[in-house]
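Next come the chains, spelled out residue by residue.
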2 protein chains.
Amino acid sequence: MAENIGMCARAMANFGLSDLRLVAPRDGWPQKTRMKKGAYQASAGAHDLLEAAQLFDTVAEAVADLGFVWATTARERGQGKPVVAPAQAMARAAGDMANAKPVRHGILFGAERTGLDNEELAIATAIITFPVNPQFSSLNLSQAVLLMGYEWFRARHGEALPFSRPNLSPPVPQAMLQSFFDDLETRLDAADYFIPDGKKPIMWRNLRNILQRLEPSEQDIRSLRGMVVALSEGRMRRSGKKE
Amino acid sequence: MAENIGMCARAMANFGLSDLRLVAPRDGWPQKTRMKKGAYQASAGAHDLLEAAQLFDTVAEAVADLGFVWATTARERGQGKPVVAPAQAMARAAGDMANAKPVRHGILFGAERTGLDNEELAIATAIITFPVNPQFSSLNLSQAVLLMGYEWFRARHGEALPFSRPNLSPPVPQAMLQSFFDDLETRLDAADYFIPDGKKPIMWRNLRNILQRLEPSEQDIRSLRGMVVALSEGRMRRSGKKE
């Protein structure tokens, strides 16, 4: 189906894969204008990948230039082939492709409803299956493509994320933190927070520990000081009015 | 959209997740009969999950009972929250949920086109982002759900696959293997395979190594013996005819 092809292209692009090969798609390829539009829309912009997609009549032709063929299947098929998880398979693929003489790997996915048939499976070197809920084990086609792309990317690039926690402003110097705590303590004393008096040491230590757990930056401490002042002087202003 | 909700339910069911919470879906929920049908079809059978889905007006209400809230986003949003990869996040979640006092984790996903807005992101304890191609980083909603389900399942159950390589018939006993090799050697000698004669030791060792790499079972050796006999006696029969 056009939408499935588009979704697969998008999933591949998410993980930097580009060599999409189609074997006898139900509705042909490239498709009639209306259906082609469906594929392109579902690809969410992975148009280059769709333009470059190759069409084959048989699986055998589609894999002819590859050195290692993985087949994905959700059910045991009695062909005695090795069965591995996606991460293990893609570790092998990344290793082989980084060789001085790279070995090209390909991954076969079956049609949405029927999966790969036994003849197609026989072409594969080994089988990939997913660690899933055994009571509900059938993945949507593009979901299966996405998972393999994800593990490929991780095998190739590690856990490299497209962004990380932004650089916080530098950690607050201890002197500034101490001055914040001194001010806070004065205000809390004035507000009769430490009751009964004998509990003050432990109450005050707990409170400082909570705030230190933030690993606060200078900016955090400025924000917190503003909050403390507002709360404290707002309260004093209200008290002032009452008097 | 109905189809997106159905696809998400399917992805959750694939990995044994069941607590689907919807926040102000564009078309309402439960939906009008025609749209509901779309969601149920896209769920590929995960109907229980759709029946049990809870509807909320706001993210804050949807997460009210949770102890830890993850937000998924493809872009840095300048909120200074910790940013982690899916595997790391789900290792933390699996640990917290296995505690004597389990901490319930939830994962927020934004709407397909717009993602989570800054107010929604502010509710989260930490951010999850995916290791993806930075030039094409936006995952389809149900694809993001699938990836998190996958990593949740791996964190909870390890790499447990729904099936493994079938039990092969037992490895061939060395005596049977030796008898197969003896027969093969005789037939190859008769067929003048080992030419020139001085190369026989290395040719024969290579051939045995290839066959041993199969780690053959008894059944494999019976099959191979049948093949060898057929090739050899077929050839002899043909030779017989010619004579």
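Everything in this summary refers to the structure shown in the same document. Please read these numbers as outputs of a predicted model, since none were measured by experiment. (Residues numbered from 1 in each chain as written. Chains lettered and ligands numbered in written order. Predicted model: local features only at pLDDT ≥ 70, side-chain atom pairs only at ≥ 80, totals over all residues. Heavy atoms only, no water.)

Side note on the relation of the copies chain A and chain B
Consideration 1: Superposition of chain A onto chain B requires a rotation of 180 degrees combined with a translation of 0.1 Å along the rotation axis, giving an RMSD of 0.1 Å. Taken together, these values place the two copies in the relation of a two-fold axis. Across chain A, the smallest distance between a C-alpha and the rotation axis is recorded for Gln 143 of chain A, namely 3.1 Å.
Consideration 2: A high fraction, 100%, of the interface residues of chain A reappear at the interface in chain B, so the copies pair face to face through one surface. (Least-squares fit on C-alpha atoms with pLDDT ≥ 70 in both. Contact = heavy atoms within 4.5 Å.)

Some thoughts on the pairing of strand S3 (residues 68-72) of chain B
Residue and element names in this part refer to chain B.
Consideration 1: Counting buried residues in S3 gives 5 out of 5 residues, a clear majority hidden from the surface.
Consideration 2: The side-chain alternation of S3 yields two buried faces, one formed by Phe 68, Trp 70 and Thr 72 and the other by Val 69 and Ala 71.
Consideration 3: Examined bridge by bridge, S3 and strand S5 (residues 105-108) share 4 bridges and lie parallel to one another. What sits directly across from Trp 70, in S5, is Ile 107.
Consideration 4: The sheet contact formed by S3 and strand S6 (residues 126-128) spans 3 bridges and is parallel. Looking at the pairing, Ala 71 lines up with Ile 127 of S6. (Buried < 20%, exposed > 50% of the residue type's maximum accessible area, 1.4 Å probe, protein only. Helix = DSSP H or I, 4+ residues; strand = E, 2+ residues; numbered from the N terminus. Pairing = 2+ DSSP bridges.)

Observations concerning the interface of chain A and chain B
Consideration 1: Across the contact, 54 residues belong to chain A and 54 residues belong to chain B.
Consideration 2: When the buried area of chain A at its contact with chain B is split by residue, Pro 131, Phe 136 and Phe 163 of chain A rank highest and sum to 17% of it.
Consideration 3: Taken together, the links from chain A to chain B amount to 4 salt bridges.
Consideration 4: Here Arg 154 of chain A makes a salt bridge to Glu 151 of chain B, at a shortest N to O gap of 3.5 Å.
Consideration 5: Of all the elements in the fold, those that place two or more residues in the side of chain A that touches chain B are helix H1 (2-14), strand S4 (83-84), helix H5 (86-98) and helix H7 (141-157) of chain A.
Consideration 6: Of the residues forming the side of chain A that touches chain B, the biggest block, 8 residues, is contributed by H7 of chain A.
Consideration 7: Across the side of chain A that touches chain B, the residue classes break down as 29 nonpolar, 16 polar and 9 charged. (Buried area = accessible area lost by both parts, 1.4 Å probe. Salt bridge = Lys/Arg side-chain N within 4 Å of Asp/Glu carboxyl O. Nonpolar A, V, L, I, M, F, W, Y, C, P; charged D, E, K, R; others polar.)

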